[in-house]
Amino acid sequence: MLHLRVVSPPEDTERALAVLRDQPGTAHLIVHTGAAVSPAGDLIEADVAREAADELLEALCELGLDHSGAITLESLDTALSDSADRAEESAPGEGADAVVWQELLNRTGEESRLNFTFLTFLTIACLLASVGIVTDSPVTIVGAMVVGPEFGPLAAIAVGLVLRRWDLVRRAAIALALGFPVAMLVTAGVTVLTWFVGLLDVSAFRESHEVDFVYEVGWYSLIVALLAGAAGMLSMTSAKSAALVGVFISVTTVPAAGYAVVAAVVGEWSKAAQSFGQLAVNLVGIVAAAAVVLLLLRRRGASVTVRPLPEVEKSLW
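Residues numbered from 1 in each chain as written. Predicted model: local features only at pLDDT ≥ 70, side-chain atom pairs only at ≥ 80, totals over all residues. Heavy atoms only, no water.

A. Molecular detail of the nonpolar core. In terms of nonpolar packing, the biggest core is built from 63 residues, with Val-159, Phe-180, Met-233, Val-254, Tyr-259 and Leu-294 touching the most fellow members. Sorting elements by how many residues they give to this core places helix 14 (residues 269–300) first, with 10 residues. Those residues in contact with Val-159 that sit more than four places away from it in its chain are Leu-104, Leu-105, Thr-108, Leu-168, Met-233 and Leu-294. Within the second largest apolar cluster, 20 residues are counted, among which are Leu-4, Val-6, Leu-17 and Val-100. (Core = buried A, V, L, I, M, F, W, Y, C linked by side-chain atoms within 4.5 Å. Buried < 20%, exposed > 50% of the residue type's maximum accessible area, 1.4 Å probe, protein only. Helix = DSSP H or I, 4+ residues; strand = E, 2+ residues; numbered from the N terminus. Contact = heavy atoms within 4.5 Å.)

Listed below in structure tokens is the structure:
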């Protein structure tokens, strides 16, 4: 179940209530007359079955409440009542399979911003990857995979392509295009420093290692990227968000970037080039698979109407 909260101008409250009453997936309808201060109006609350939320949001937006008032939606961990059970039974489909397109658009829009937090996580992930490569530690490589925040912008690109939201595609592409070079430059500086103080053994690095899978690009690299992209998008569109951790551990985007940096610093240009190839294969594969999943979900469901992201033209920072 999802909790819906609507701030409605008094003249639109009855129409909003009519929309909610006509939706069989709605339960626990509450009206607080005159409770809203900014924007002023009535506060309407309801619990909604996830599979009914997208249609309901579209109907409320058609009333203009996203402009004259406000519409917010949040997940409910537990809802104990017979009316909630009836609402879930009455709504068509399964909640875990339902896509709330407005929720997905806003979530990916937020995660695609190039900001200090994104750059910090990406830089830390690349640094962890470089440490794992230098120390031949697969466990540290896995840690770098988990820390890396790059799936957010990749998912945003897929969403933007499917919904033709080129502003979202542009913003996510800029986050990746600037984020990876910054993280790799910092990693290069730290790698040079470790070499200078004697922590990096060049001869040992040039031997075979357990972490060589990071730069060895091949068909299985593409297959893993496609599967990870599909699983990641399914987890974002459903209630199975815990599966994202598995996606993070599956792909070698950040480790490939870290390996490319270390290899370039020690003069292993062939390995650096292969690492860049691994990075490109993973990025393209994830976006392609995620976009295909969204296209299939969109084809299966009804027509998709999404409202513009708020403050899309804000500064990237």
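B. Examining the pairing of strand 3 (residues 40–48) more closely. Of all the nine residues making up strand 3, eight are buried; the element is thus mostly covered by neighbouring parts of the structure. Here strand 1 (residues 2–8) pairs with strand 3 via seven bridges, running antiparallel. Its bridge partner being in strand 3, Val-6 is matched across the sheet by Ile-44. Where strand 2 (residues 26–37) lies against strand 3, seven bridges are found, and the strand directions are antiparallel. (Pairing = 2+ DSSP bridges.)

C. Highlighting helix 13 (residues 253–265). With 13 residues, helix 13 ought to run about 18 Å at 1.5 Å a step, and its terminal C-alpha atoms sit 19 Å apart, in line with that. Among the 13 residues of helix 13, 12 are classified as buried, and the element is accordingly described as predominantly covered. Just beyond helix 13, the residue with positive phi is Gly-267, at close to 85°. (Expected span 1.5 Å × (residues − 1).)

D. Spotlight on the packing of aromatic side chains. Summed over the entire model, instances satisfying the criterion amount to one aromatic pair. Each ring, one from Tyr-215 and one from Tyr-259, has its centre 4.9 Å from the other, and the planes form 40°; the classification is tilted. Residue Tyr-215 is found in the loop between helix 10 (202–205) and helix 11 (219–237), and its partner Tyr-259 is found in helix 13; the two are separated by 44 residues along the sequence. Under the relative-accessibility criterion, Tyr-215 is labelled buried at 9%. On the accessibility criterion, Tyr-259 (0% relative accessible area) is buried. (Phe/Tyr/Trp six-rings, centres within 6.5 Å; stacked < 30°, edge-to-face > 60°.)

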